[in-house]
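Understanding the architecture of this molecule
Each chain, written out:
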Amino acid sequence: MKTMPLASWFALILLCEAALGQGLVNLNNNFTPTGASAKAYIIGHDGLPMAKALGSVEILDSSWNVIKSGGLVIAGIFWFGVVEIPGIAPGGSGSIIIRVWDNSTGASYDTAIRRSYAIVTLVGLGGGSIQTPSLAMIGNFTGISLECLFCTSWWPTYVHIEGIGLIGDQVMVRAICDAGHDWALWSSTNLVEWFPVGPPQQSELPWWQLAEFEWTVPRPPSPTLYRVIQVEN
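Keep in mind the model is a prediction, meaning the values are calculated, not measured.

Turning our eyes to something else, we now look at the packing of aromatic side chains. Taken as a whole, this structure holds five aromatic pairs when the rule is applied. Their ring planes at 35° and their centres at 5.8 Å tell us that Phe-78 and Phe-80 sit as a pair that is tilted. Per residue, the accessibility class of Phe-78 equals that of Phe-80, and both read buried. Relative to Phe-141, the ring of Phe-78 lies with its centre 6.0 Å away and its plane at 65°, an arrangement referred to as edge-to-face. Here Phe-141 lies in the loop between α2 (135-138) and β8 (144-145) and Phe-78 lies in the loop between β4 (66-71) and β5 (79-85), a separation of 63 residues in the sequence. In this structure Phe-78 comes out as buried when scored by relative accessible area, which is 0%. The ring of Tyr-109 has Arg-115 lying over it, and the distance from NZ or CZ to the ring centre is 4.9 Å. The lysine or arginine in question, Arg-227, covers the ring of Trp-194, its NZ or CZ lying 4.3 Å from the ring centre.

Structure (structure tokens):
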């Protein structure tokens, strides 16, 4: 009895898989998971379905290679249509990674401040003679809430007066502070009573960066101390 060499069996298996093609799934999150009261939304930092303009989405295979990318079609919802899952034959099972980020905090997932991902198991992919199922039918995806890598609740507040100088009959005060807050200049002659002497200022830079603030105020008639304090936005 003749036997087929092992290498030939492997070749035959690969040919069969090639003939079957890749497993397929209709990738969208426009569904309500079993037992849930809301759709499997992408949730932004405000706790609401993420705004269409802010949401970026990538689909990765189990080796973390990007196989699909795009944005949201409406608030909190992505819709990629039928997607091939590499390395998995029709009828097979596997996993994908869905990762999302707020593109106003970074141009890519790696640079974004607000981002998150979910590893999703898929059981029974379509393709070949098998009708293509939806993510709701074969996946365990229940939605994603974005996380902030540097949350303002614990991010330390930074403020430092860099210099104080005289310009004619005026005093110039320059400070480096967190861009995420409003800052005002106050003065005192006795370290007990403090009074605002400059209008609050704010920066257009992202809140996690440092920004330079500068005030120019009239020169006081007596020795004066200055400080820069945080004020409510």
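From this point, the narrative continues.
Once that is clear, we can look at the environment of Val-57. Within the secondary structure layout, Val-57 lies in strand β3 (residues 55-60). Separated by 51 residues in sequence, Val-57 and Ser-108 have C-alpha atoms that sit 9.7 Å apart. Once residues lying within four places of it in the same chain are set aside, the contact partners of Val-57 are Lys-68, Ser-69, Gly-70, Gly-71, Leu-72, Phe-78, Phe-80, Ile-98, Arg-99, Val-100 and Trp-101.

Moving on to the sheet that holds strand β15 (residues 225-231). With respect to topology, three strands assemble into an open sheet ordered β13-β12-β15, the strand pairing being antiparallel. Whereas interior strands pair on both sides, the edge strands pair on one side only; in this sheet they are β13 (195-196) and β15. With two bridges joining them, strand β12 (residues 182-188) and β13 adopt antiparallel strand pairing. Note that in β13 the partner of Ser-187 across the bridge is Phe-195.

Conventions adopted
Residues numbered from 1 in each chain as written. Predicted model: local features only at pLDDT ≥ 70, side-chain atom pairs only at ≥ 80, totals over all residues. Heavy atoms only, no water. Phe/Tyr/Trp six-rings, centres within 6.5 Å; stacked < 30°, edge-to-face > 60°. Buried < 20%, exposed > 50% of the residue type's maximum accessible area, 1.4 Å probe, protein only. Helix = DSSP H or I, 4+ residues; strand = E, 2+ residues; numbered from the N terminus. Lys NZ or Arg CZ within 6 Å of the ring centre and 35° of its normal. Contact = heavy atoms within 4.5 Å. Pairing = 2+ DSSP bridges.

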